[in-house]
Amino acid sequence: MRVTTERDRCVGSGQCALLSPEVFDQDDDGLVLVLREEPAEALRDEVLQAADLCPSRSIRVHD
Ligand code: SF4
């Protein structure tokens, strides 16, 4: 699993960092940062949930 984001679409809601704090964080402007581009399989469910719930659809999960 590999995680990418489109930061130019991010609206800084912070859902991703709340749902999966080992994988996502926010910079000083609130925009998403990916902490682990290739997270462990154990984190798959929360990463997929973060991608689903991102209001700006900025998160992509690649297999
Ligand atoms: S949930 Fe989406 S819009 Fe909100 S901070 Fe994360 S990537 Fe940005």
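Model, not experiment: these values are computed from the prediction.

Peer 1: Requested: an account of the site of the ligand, with residues and values cited.
Peer 2: Close contacts around the ligand come from C10, V11, G12, S13, G14, Q15, C16, V32, C54, P55, S56 and S58, and that covers them all. When the residues that make up the shell around the ligand are grouped by side-chain class, the tally is six nonpolar, six polar and no charged.

Peer 1: Outline the nonpolar core, listing residues and values.
Peer 2: Judged by nonpolar contacts, the single largest core of 13 residues is most densely connected at V3, C16, V23, F24, V47 and I59. Tallying contributions element by element places helix α2 (residues 44-53) first for this core, with three residues. Beyond its immediate stretch of four places on either side in the chain, I59 contacts V3, T4, T5, C16, F24, A50, A51 and C54.

Peer 1: An account of α2 is requested, with residue identities and associated values reported.
Peer 2: Every buried residue of α2 is listed here: R44, V47, A50 and A51. End-on, the buried residues of α2 take up no more than an arc of 130°, which puts them together on one face. Away from its buried face by more than 90 degrees, α2 exposes D45 and D52. In the core, the buried residues of α2 are packed alongside β1 (2-5), α1 (15-19), β2 (24-26) and β4 (59-62).

Peer 1: Lay out the pattern of salt bridges in plain terms, naming residues and giving numbers.
Peer 2: Under the counting rule described, the total for this entry stands at five salt bridges. Across the pair E6 and R60 runs a salt bridge, and its minimum N-O distance is 3.1 Å. With E6 in the loop between β1 and α1 and R60 in strand β4, this pair connects stretches of sequence that are 54 residues apart. A salt bridge links R44 to D63, with the shortest nitrogen-to-oxygen separation between them at 2.9 Å. Here R44 is found in helix α2, whereas its partner D63 is found in the segment after β4, with 19 residues between them in sequence. A residue is classified by how much of its surface remains accessible, and D63, at 81% relative accessible area, is exposed. Taken together, the shared-partner salt bridges in this structure form one network comprising E41, R44 and D63.

Rules and cut-offs
Residues numbered from 1 in each chain as written. Predicted model: local features only at pLDDT ≥ 70, side-chain atom pairs only at ≥ 80, totals over all residues. Heavy atoms only, no water. Near = heavy atom within 4 Å. Nonpolar A, V, L, I, M, F, W, Y, C, P; charged D, E, K, R; others polar. Core = buried A, V, L, I, M, F, W, Y, C linked by side-chain atoms within 4.5 Å. Buried < 20%, exposed > 50% of the residue type's maximum accessible area, 1.4 Å probe, protein only. Helix = DSSP H or I, 4+ residues; strand = E, 2+ residues; numbered from the N terminus. Contact = heavy atoms within 4.5 Å. Arc of directions from axis to C-beta. Salt bridge = Lys/Arg side-chain N within 4 Å of Asp/Glu carboxyl O.

It is worth stressing that arrangement in space is one thing and function is another; only the former is reported here.
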